[in-house]
Amino acid sequence: MKRTILITGGAGFIGSNLINLLASRYSSYRIVNFDALTYAGNLENLKAVENLPNYIFVKGDITNADEVDAVFAKYTIDSVIHLAAESHVDRSITNPLSFINTNIIGTVTLLNAARKFWNGDFNGKLFYHISTDEVYGSLGDEGLFVETTAYDPRSPYSASKASSDHLVRAYHHTYKLPVVISNCSNNYGPNQFPEKLIPLAISNIKNNRPIPVYGKGENVRDWLFVKDHAEAIDTIFHNGKIGHTYNIGGSNEWKNIDLIRLLCQIMDRKLGRENGDSEKLITFVSDRAGHDLRYAIDSSKLQNELGWAPSVSFNEGLEETVEWYLANTEWLDRILTGNYQNYYKEMYSNR
Ligand code: NAD
Ligand code: DAU
């Protein structure tokens with residue numbers, strides 16, 4: 001095997017899309033998926049690669065130093081792509097401590113293991129940390145986040161991710177650990193847990209349930225198809241400059257309410273409903289606490305220096321996403337009938 005890559009959080013949404021790409025594209029790389037299988041982790045997402053000889057799954061917790069050390073020792077890890085995290089802003093508002101634990105302590109535990117096992121020999125080694133545009137805070141009507149935008153995280157989730165970014169940079173500066181970081185905008189696509197806006201809306205429209213829109217639906221997000229994010233990670237993993245940060249985004253800004261209306265039209269067509277039927281499900285609910293108004297990414301550094309660009313238009317990506325959720329009703333139903341029911345009641349009952 002040419003490389004052994006530890007991918008953390010590989011059973012989640014972006015991690016599984018990334019592993020599905022890398023394990024099939026690079027048969028000479030050994031991919032070790034290290035995931036605690038929290039509510040967000042689902043091995044069903046990896047059916048396409050589970051029998052490949054270059055793919056290995058290890059159940060483990062990034063906050064547990066013994067488990068992390070064991071996987072480094074057993075598989076002689078030379079690269080890390082670190083995605084494992086608590087990732088949902090609303091959950092961070094109700095339970096910040098689990099975000100501090102996983103996103104900060106977990107990241108430091110991994111950094112310590114990389115330092116210990118690589119032991120100053122950084123030739124051919126890389127610690128690639130996957131982060132978010134939310135570390136930059138919230139934009140007004142104008143402007144874009146660039147790599148040098150000052151950090152201004154405003155939710156427990158984004159504060160925990162910002163902290164992990166700082167620690168990754170600190171390990172580079174202090175111990176010369178070879179690191180690279182990317183900060184991406186909102187992803188959508190297959191395998192996304194239906195707590196996030198797009199899969200939640202698809203699921204509720206399908207089941208004729210209200211579509212909860214926070215506040216007036218005026219908040220803006222910059223949407224990127226998850227397979228384009230996976231391609232960007234592949235590009236940065238192979239060609240990113242050590243110590244650098246790359247912003248990744250779709251240049252695809254949508255107000256939530258406009259996005260939901262578009263999704264309703266697609267769903268009406270796919271479900272054979274009258275045009276306008278699904279829109280009747282739109283329900284304005286109380287706003288998220290501290291709700292960031294607008295995120296928008298300038299990804300020109302990645303585009304100009306490394307040659308990546310998004311390849312999937314929003315219309316194509318949404319069509320593919322809706323089709324995936326409609327074709328994978330068992331995947332969705334298994335989640336909807338589990339503990340997620342309790343979460344949904346708790347989160348939305350008093351909105
Ligand atoms: P996700 O919630 O779908 O998946 C997270 C995965 O991490 C799950 O498989 C879960 O089991 C695993 N995990 C959680 N805690 C763990 C622990 N202690 N030890 C080991 N594994 C653990 O998340 P996602 O949306 O795929 O996001 C992946 C990464 O990308 C995160 O770091 C997130 O901050 C970042 N990111 C996400 C987006 C987005 O739009 N979803 C955008 C930019 C950046
Ligand atoms: O920007 C990148 C980030 O995008 C990632 O780092 C996070 O992990 C990811 O969860 C996502 O964060 P958001 O908070 O932007 O995503 P979410 O899907 O939760 O919400 C998108 C927008 O929709 C946001 O403005 C809140 C709103 N919303 C969300 C939900 C769940 C609603 O109006 N109703 C809802 O029910």
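Whatever comes next refers back to the structure up there.
Everything numeric in this text was worked out from a predicted model, so none of it was measured.

**A look at the site of ligand 2**
Okay, step 1: The environment of ligand 2 is formed by 25 residues, the closest being Asp133, Tyr157, Arg288, His291 and Tyr348.
Okay, step 2: In the model, a nitrogen atom of ligand 2 is placed 2.8 Å from a nitrogen or oxygen of the proline 212 main chain.
Okay, step 3: Contact distances for ligand 2 include 2.8 Å between an oxygen atom and a backbone N or O atom of tyrosine 214.
Okay, step 4: Within the complex, 94% of the 690 Å² of free accessible area of ligand 2 lies under protein.
Okay, step 5: Broken down by secondary-structure element, the contributors of at least two residues to the shell around ligand 2 are helix H3 (89-94), helix H6 (197-206) and strand E8 (211-214).
Okay, step 6: Counting residues per element, the shell around ligand 2 draws most heavily on E8, which supplies three residues.
Okay, step 7: When its residues are assigned to classes, the shell around ligand 2 shows 10 nonpolar, eight polar and seven charged.

**Topic: empty space enclosed by the protein**
Okay, step 1: Enumeration according to the criterion identifies one cavity of 30 Å³ or more in this entry.
Okay, step 2: Its boundaries defined by the atoms lining it, the largest cavity holds a volume of some 60 Å³.
Okay, step 3: Contributing to the lining of the largest cavity are Val89, Ile93, Glu134, Arg154, Ser155, Arg221, Arg288, Ala289, Gly290, His291, Asp292 and Tyr295.
Okay, step 4: Within the lining of the largest cavity, the residues separate by chemical class into four nonpolar, three polar and five charged.

**As for the pairing of strand E5 (residues 126-132)**
The two faces of the sheet receive side chains in turn, since in a regular strand these alternate between them.
Okay, step 1: The buried count for E5 comes to seven of seven residues, which makes it a mostly enclosed element.
Okay, step 2: Alternating residues of E5 divide into Leu126, Tyr128, Ile130 and Thr132 and Phe127, His129 and Ser131, and every residue in both groups is buried.
Okay, step 3: Relative to strand E6 (residues 179-184), E5 runs parallel, the two sharing six bridges. Residue pairing for E6: phenylalanine 127 is matched across the bridge by valine 179.
Okay, step 4: Between the parallel elements E5 and E6, the chain passes through helix H5 (residues 156-175) in a crossover that is right-handed.

**Observations regarding helix H8 (residues 256-271)**
Okay, step 1: The terminal C-alpha atoms of H8, which comprises 16 residues, lie 22 Å apart, in line with the 22 Å expected from a rise of 1.5 Å per residue.
Okay, step 2: For H8, the full list of buried residues reads Asn256, Ile257, Leu259, Ile260, Leu262, Leu263, Cys264, Ile266, Met267 and Asp268.
Okay, step 3: On the buried face of H8, the contacting elements are H6, E8, strand E9 (220-225), strand E11 (253-255), strand E12 (282-285) and helix H10 (314-327).
Okay, step 4: Glycine 272 sits one or two residues past H8 and shows a positive phi near 70°.

**Section: the sheet that holds strand E7 (residues 186-188)**
Okay, step 1: Read across the open sheet, the three strands follow the order E7-E9-E11; overall the sheet is mixed. Here the strands that pair on one side only, and so sit at the sheet edges, are E7 and E11. Neighbour-to-neighbour, the strand axes of this sheet turn through a mean angle of 50°, independent of strand direction.
Okay, step 2: Pairing analysis gives three bridges linking E9 to E11, with the strands arranged antiparallel. From the neighbouring strand, arginine 221 faces E11, where its bridge partner is tryptophan 254.
Okay, step 3: Lying on the sheet, H8 is in contact with E9 and E11; it crosses E11 at an angle near 90°.

**Observations regarding the packing of aromatic side chains**
Okay, step 1: Under the counting rule described, the total for this entry stands at 17 aromatic pairs.
Okay, step 2: Between tyrosine 188 and phenylalanine 225 the ring centres are 5.4 Å apart and the planes differ by 55°, which places this aromatic pair in the tilted class. Residue tyrosine 188 is located in strand E7, and its partner phenylalanine 225 is located in strand E9; the two are separated by 37 residues in the primary sequence. Judged on exposure class, the residue tyrosine 188 and its partner phenylalanine 225 are both buried.
Okay, step 3: Note on tryptophan 254 and phenylalanine 314: the rings are 5.2 Å apart at their centroids and 45° apart in plane angle, and the pair reads as tilted. Taken together, the residues span a long stretch of sequence, with tryptophan 254 in strand E11 and phenylalanine 314 in helix H10 at a distance of 60 residues.
Okay, step 4: Joined through ring pairs, the aromatic side chains of Tyr188, Trp223, Phe225, Trp254 and Phe314 make up one cluster.
Okay, step 5: In this structure, arginine 91 is placed above the aromatic ring of tyrosine 39, and the distance from its NZ or CZ to the ring centre is 3.6 Å.
Okay, step 6: Stacked on the ring of tyrosine 175, the Lys or Arg arginine 115 has its end atom at 3.6 Å from the ring centre.

Cut-offs and rules
Residues numbered from 1 in each chain as written. Chains lettered and ligands numbered in written order. Predicted model: local features only at pLDDT ≥ 70, side-chain atom pairs only at ≥ 80, totals over all residues. Heavy atoms only, no water. Near = heavy atom within 4 Å. Polar contact = N/O pair within 3.5 Å; in protein donor to acceptor, adjacent residues only side chain to side chain. Areas by Shrake-Rupley, 256 points an atom, 1.4 Å probe, with all protein chains shown as cover. Helix = DSSP H or I, 4+ residues; strand = E, 2+ residues; numbered from the N terminus. Nonpolar A, V, L, I, M, F, W, Y, C, P; charged D, E, K, R; others polar. 1 Å grid on protein atoms, 1.4 Å probe; cavity = no way out; pocket = protein on both sides within 12 Å on 5 of 7 lines; lining within 4 Å. Points joined across faces, edges and corners; volume = space filled by probe spheres on them. Buried < 20%, exposed > 50% of the residue type's maximum accessible area, 1.4 Å probe, protein only. Pairing = 2+ DSSP bridges. Right-handed = clockwise from strand over helix to strand, strands pointing away. Expected span 1.5 Å × (residues − 1). Contact = heavy atoms within 4.5 Å. Axes fitted to C-alpha atoms, helices over the stretch in contact; angles between N-to-C directions. Phe/Tyr/Trp six-rings, centres within 6.5 Å; stacked < 30°, edge-to-face > 60°. Lys NZ or Arg CZ within 6 Å of the ring centre and 35° of its normal.

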